[in-house]
Amino acid sequence: MIKLGALPAPKNDMADLTLESIAQKAGVSRSTVSRVINRQPNVSPAVREKVLQIVQETGYQPHQAARSLASRSTNVIGLVIPRTVQMFFADPYFQRLLQGIAEGCNHTDYTLSLFLITDLQSEKKLIPRIMQKSLVDGIIIQATHLGDDILPKIAQGDTPILVAGRPLNASSASYIDVDNVRGAKLAVEHLIQQGKQRIMTVTGALDTSVGLDRLEGYTKALSTHGMDYQESWIVEGDYTETSAYEGTSLLLAQQPDAIFCASDVMAVGVLKRLRHEGIRVPDQVAVVGYDDLPPSRMADPPLTTVRQPIRRFGIKAVETLIEIIHNPTLGQMRVIMDTELVIRNSSGVIHQSA
């Protein structure tokens, strides 16, 4: 008989704890105890509570390796980020997302394993490992660019997957996202309410669902209010400050009175370029961002932006993936989280918000 729990115990009624001894104390079968400990379904709430109470009272700790063998589970969630290391650590969005995912794993007793696919070499090396069911129980993968085959390749395996962001190249995959169209529409409608007539935009990369959806929100807001716009009012960025700084020069030649940016990082680049050109914000040009990351609060002036719940998004992603892991017949899941407009001084309204 294999005894799970390697530390020696004093000779008393709590010594030599095994699944069988826990089952005997609870008056249930060994398999029921195993299902409770491995957080599997098909156990009544009353029985689950009774078993967990005995586990807590006895201090029973199953050996992780034996537990994994018994349940064919690793209790590890993989997070796949197909981005450069520099972008991952420089962009505050990914820092906040990682915080939420790590917190979600801690709450559910899962270990987080991070995979950064930075180039073709790392893709060839990591993808076969990631697809091994013995390595992780499930995978959260950041939505990739259109034409990028990382997601389709990983989706060919048997490991449960949740995509963070609406996928463009794996339509049947389960995913979690925020309502990017509505969020961008809120931002532009706010500028319209301030009387702005020449509202231009620096988009995200237009081979990503985020970039496309936020552009759709921009165009929807203008068309809903009967306002015309020109294609030249739309400049594509890549979520970096530099791309927005350089792109702003193309917009300034067309005399905007407002600029909507598809991320706070890019909005900071716009603010810097406007300051360099001696253009006052918001008196001459109003600016609105997207994300509500720390740079938005520290900007000069403080940035009006669309707040997306990045930390809660990460936690919800973990919870959703675990639900998929435990219920493989659920089919495709789509979780859409809401956004809200946070009004600060950069849009012409002096209204401080937390």
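Residues numbered from 1 in each chain as written. Predicted model: local features only at pLDDT ≥ 70, side-chain atom pairs only at ≥ 80, totals over all residues. Heavy atoms only, no water.

**Q** Would you explain the overall build of the protein in this entry?
**A** The secondary structure content of the protein amounts to 14 helices and 12 strands. Per-residue burial over the protein gives 52% buried out of 354 residues. A separation threshold of at least 6 residues defines the contact pool for the protein, and within that pool the share at least 24 residues apart is 68%. As presented, the protein carries roughly 17000 Å² of accessible surface, and 51% of it is formed by carbon and sulfur atoms. (Helix = DSSP H or I, 4+ residues; strand = E, 2+ residues; numbered from the N terminus. Buried < 20%, exposed > 50% of the residue type's maximum accessible area, 1.4 Å probe, protein only. Contact = heavy atoms within 4.5 Å. Areas by Shrake-Rupley, 256 points an atom, 1.4 Å probe, with all protein chains shown as cover.)

**Q** In this structure, what is going on with the packing of aromatic side chains? I would like to understand it.
**A** Each aromatic ring pair is described using two quantities: the centre-to-centre distance and the angle formed by the ring planes. In total, this model carries 2 aromatic pairs according to the counting rule given. When the centroid spacing of 5.9 Å and the interplanar angle of 65° are considered together, the rings of Tyr218 and Tyr229 count as edge-to-face. Of this pair, Tyr218 sits in helix 10 (residues 209-224) while Tyr229 sits in the loop between helix 10 and strand 7 (234-236), and the two are 11 residues apart along the sequence. The class for Tyr229 is partly exposed, based on a relative accessible area of 30%. Positioned above the aromatic ring of Tyr245, the side-chain terminus of Arg273 is 4.9 Å from the ring centre. (Phe/Tyr/Trp six-rings, centres within 6.5 Å; stacked < 30°, edge-to-face > 60°. Lys NZ or Arg CZ within 6 Å of the ring centre and 35° of its normal.)

**Q** Would you explain the pattern of salt bridges in this entry?
**A** It is possible for side chains bearing opposite charge to pair when their charged atoms get close. Summed over the entire model, instances satisfying the criterion amount to 15 salt bridges. One salt bridge connects Asp213 with Arg166, and the closest N-O pair in it is separated by 2.8 Å. Of the two residues, Asp213 is situated in helix 10 and Arg166 in the loop between strand 4 (161-164) and strand 5 (175-178); the sequence distance between them amounts to 47 residues. The class of Arg166 is partly exposed, set by a relative accessible area of 27%. A salt bridge links Glu189 to Lys185; the shortest N-O distance between them is 2.7 Å. Residue Glu189 and its partner Lys185 are both found in helix 9 (residues 180-193); the two are separated by 4 residues, about one turn of the helix. Within this structure, Asp292, Arg297, Arg307, Glu340 and Arg344 form a network of salt bridges that share partners. (Salt bridge = Lys/Arg side-chain N within 4 Å of Asp/Glu carboxyl O.)

**Q** Looking at this model, I keep getting lost on the nonpolar core. Mind explaining?
**A** Across soluble globular proteins, nonpolar side chains have a tendency to be buried as a group. Core analysis: the biggest nonpolar cluster contains 68 residues, and Ile140, Tyr218, Phe260 and Val287 have the highest contact counts within it. If you tally residues by element for this core, the top one is helix 14 (residues 310-326), at 8 residues. Phe260 has contacts with Ala184, Ala187, Val188, Leu191, Met200, Thr201, Val202, Arg214, Tyr218, Val288, Gly289 and Tyr290, leaving out every residue within four places of it along the chain. (Core = buried A, V, L, I, M, F, W, Y, C linked by side-chain atoms within 4.5 Å.)

**Q** Mind showing me how you'd approach the sheet that holds strand 4 here?
**A** Pairing is parallel across the open sheet formed by 6 strands, whose spatial order is 2-1-3-4-5-11. The open sheet terminates on both sides in strands that have one partner only, identified here as strand 2 (111-116) and strand 11 (334-337). Within the sheet, the average angular offset between the axes of one strand and its neighbour, ignoring direction, is 20°. In terms of strand pairing, strand 5 meets strand 11 through 4 bridges, oriented parallel. Looking across to strand 11, one finds that Asp177 is bridged to Ile336. With respect to the sheet, helix 7 (residues 120-130) is in contact with strand 1 (76-81), strand 2 and strand 3 (138-142), its orientation differing from that of strand 2 by roughly 150°. (Pairing = 2+ DSSP bridges. Axes fitted to C-alpha atoms, helices over the stretch in contact; angles between N-to-C directions.)

**Q** What am I meant to see in the packing of helix 9 against helix 10 here?
**A** When two helices pack together, their arrangement is captured by the angle between the axes and the distance separating the axes. Viewed as axis vectors pointing N to C, helix 9 and helix 10 meet at an angle of 40°, and their least axial separation amounts to 7 Å. As summarised for this structure, helix 9 and helix 10 are arranged oblique, according to the angle between their axes. Here helix 9 runs over helix 10; the crossing is right-handed. Counted together, Asn180, Val181, Ala184, Lys185, Val188, Glu189 and Ile192 of helix 9 and Val210, Asp213, Arg214, Glu216, Gly217, Tyr218, Lys220, Ala221, Leu222 and Thr224 of helix 10 form the full contact between these two elements. Class assignment of the residues belonging to the contact of helix 9 with helix 10 gives a composition of 8 nonpolar, 3 polar and 6 charged. (Parallel < 35°, antiparallel > 145°, perpendicular 65-115°, else oblique. Left-handed = near helix turned anticlockwise from the far one by under 90°. Nonpolar A, V, L, I, M, F, W, Y, C, P; charged D, E, K, R; others polar.)

**Q** Which parts of the structure should I look at to understand helix 1 (residues 19-26)?
**A** In an α-helix there are 3.6 residues to a turn, and that puts residues three or four apart on one side. Listed as buried for helix 1 are Leu19, Ser21, Ile22, Ala23 and Ala26. On its buried face, helix 1 is in contact with helix 2 (30-37) and helix 3 (45-58). Of the residues one or two after helix 1, Gly27 is the one with positive phi, at around 75°.

**Q** Just to check I follow, could you spell out the pairing of strand 6 (residues 199-203) for this structure?
**A** Each regular strand shows side chains that alternate between the opposite faces of the sheet. By the criterion of burial, strand 6 is predominantly enclosed, with 5 of the 5 residues buried. With burial as the criterion, each face of strand 6 is covered, one bearing Ile199, Thr201 and Thr203 and the other bearing Met200 and Val202. Note: strand 6 against strand 8 (residues 258-261), 4 bridges, orientation parallel. Looking at the pairing, Met200 lines up with Ile259 of strand 8. With 3 bridges joining them, strand 6 and strand 7 adopt parallel strand pairing. Bridging from a neighbouring strand, Val202 pairs with Val235 of strand 7.

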